[in-house]
Amino acid sequence: GTSDATVVGCSPDSDRAVMLTAGAGGQANGVAVAQLSTGTMLATHATADYGMASHNCQLFASDGPNGVTIRNVATWAVVGEVDRQVEFIGGTGVAAAYEFSWDGSLLVLQYGAAKPPITTFVVALSDGATLLQSQDVPETNELGFGGPDVIPLVGTSELLLSERGGVYLLGAGGQLTALPG
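Residues numbered from 1 in each chain as written. Predicted model: local features only at pLDDT ≥ 70, side-chain atom pairs only at ≥ 80, totals over all residues. Heavy atoms only, no water.

**Q** So what's going on with the sheet that holds strand E13 (residues 119-124)? Residues and values would help.
**A** Spatially, the four strands line up as an open sheet ordered E11-E12-E13-E14, and their pairing is antiparallel. In this open sheet, the two strands that pair with only one neighbour each are strand E11 (96-100) and strand E14 (130-133). The sheet shows a mean angle of 25 degrees between the axes of neighbouring strands, direction not considered. Direction of pairing for E11 relative to strand E12 (residues 106-111): antiparallel, over a ladder of four bridges. When the sheet's bridge partners are listed, Glu 99 is paired in E12 with Val 108. (Pairing = 2+ DSSP bridges. Helix = DSSP H or I, 4+ residues; strand = E, 2+ residues; numbered from the N terminus. Axes fitted to C-alpha atoms, helices over the stretch in contact; angles between N-to-C directions.)

Here's what the structure looks like:
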């Protein structure tokens, strides 16, 4: 059948691109890893889950019905699992992968991007600890981080986060600092 590929990660430094492949009807059916300099396909893996690659194209976070699974893109070995349930009127939902920190040590998850309120979590992949949940920012109960409002700082685990009330730096140890502005 016909298939399409969407680039979900590209790293000139790692000489890799990660693509999510989809079959007829647009359903995800695999992840492919290519070497940029030669075009050689380095690995292909079957998956029915959508997801995203880390900035260095070493990790792939896939969204499943029970949470996010983080895999090594070369070996497809599971290196972590993250489950953040969100309760709302009428049930619960599972937050999905949204963004990696530049160094791949943090994962931002969101729930409700299609229909606010948005709940955002920042999770340390080393131990699964939640470093930030949306209500942790001073003077607001709803951040609504999304789109360009979560920006990984190059070469670090730090994130810039913005919302209607200001801009914040989430430091390497989980410290949240309001930036002047």
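**Q** I'd like a rundown of the side chain of Ser 54, residues and numbers included.
**A** By the element assignment, Ser 54 lies in the loop between strand E5 (51-53) and strand E6 (59-64). In contact with Ser 54, other than residues within four places in its own chain, are Leu 59 and Phe 100. (Contact = heavy atoms within 4.5 Å.)

**Q** Please provide a residue-by-residue account of the pairing of E6, values included.
**A** Where E5 meets E6, three bridges bridge the pair, whose relative direction is antiparallel. Pairing of Met 52 across the sheet is with Ala 61, part of E6. Turn length for the E5-E6 hairpin, with the two strands adjacent in sequence and antiparallel, is five residues, and the turn residue Cys 57 shows positive phi of about 60 degrees. When E6 meets strand E7 (residues 67-72), the two strands line up antiparallel, connected through six bridges. Residue pairing in the sheet places Phe 60 in a bridge with Arg 71 of E7. The hairpin turn running from E6 into E7, its antiparallel successor, is two residues long.

**Q** I'd like to hear about the nonpolar core, residue by residue, with values.
**A** Formed by 14 residues in total, the largest nonpolar core has its most connected members in Ala 61, Val 68, Ile 70, Leu 107 and Leu 109. Elements supplying a minimum of two residues to this core: E6, E7, E11, E12 and E13. Listed in part, the ten residues of the second largest apolar core include Val 18, Ala 43, Phe 60 and Trp 76. (Core = buried A, V, L, I, M, F, W, Y, C linked by side-chain atoms within 4.5 Å. Buried < 20%, exposed > 50% of the residue type's maximum accessible area, 1.4 Å probe, protein only.)

**Q** Lay out the pairing of strand E17 (residues 166-170) with the relevant residues and their values.
**A** Consecutive side chains of a regular strand alternate in pointing toward one face of the sheet and then the other. Two strands pair when backbone bridges link them, and strand E16 (residues 159-163) and E17 are joined in this way by five bridges, in the antiparallel orientation. Bridging from a neighbouring strand, Leu 161 pairs with Tyr 168 of E17. Examined bridge by bridge, E17 and strand E18 (residues 176-179) share four bridges and lie antiparallel to one another. Its bridge partner lying in E18, Val 167 is registered against Leu 179. Here E17 hands over to E18 after five residues, with Gly 174 in that stretch at a positive phi of 95 degrees.

**Q** For the environment of Ser 14, give the residues involved together with the corresponding values.
**A** With respect to the helices and strands, the residue Ser 14 is situated in the loop between strand E1 (4-11) and strand E2 (16-22). Taking the C-alpha atoms as reference points, Ser 14 and Gln 58, separated by 44 residues in sequence, lie 8.4 Å from one another. Contact partners of Ser 14, with chain neighbours within four places excluded, come to Asn 56 and Gln 58.

**Q** Tell me about the confidence of the model for the chain, and please be specific about residues and values.
**A** For the chain, the average pLDDT comes to 82, and 84% of its residues sit at 70 or higher. Per-element confidence in the chain ranges from a low mean pLDDT of 73 for strand E9 (residues 85-88) to a high of 94 for strand E4 (residues 41-45). In the predicted structure, residues 135-148 sits below a pLDDT of 50 and forms 34 contacts with residues beyond four places in sequence or in another chain. (pLDDT = per-residue confidence, 0-100.)

**Q** Kindly report on unusual backbone geometry, identifying the contributing residues and their values.
**A** Most of the time, phi is negative for any residue but glycine, and the peptide bond is trans. Of note in this structure, Asp 15 is not a glycine but carries a positive phi near 60 degrees. Locating Asp 15 in the fold gives a position in the loop between E1 and E2. Residue Cys 57 is not a glycine yet carries a positive backbone phi of 60 degrees. Checked against the element boundaries, Cys 57 lands in the loop between E5 and E6. On the accessibility criterion, Cys 57 (0% relative accessible area) is buried.

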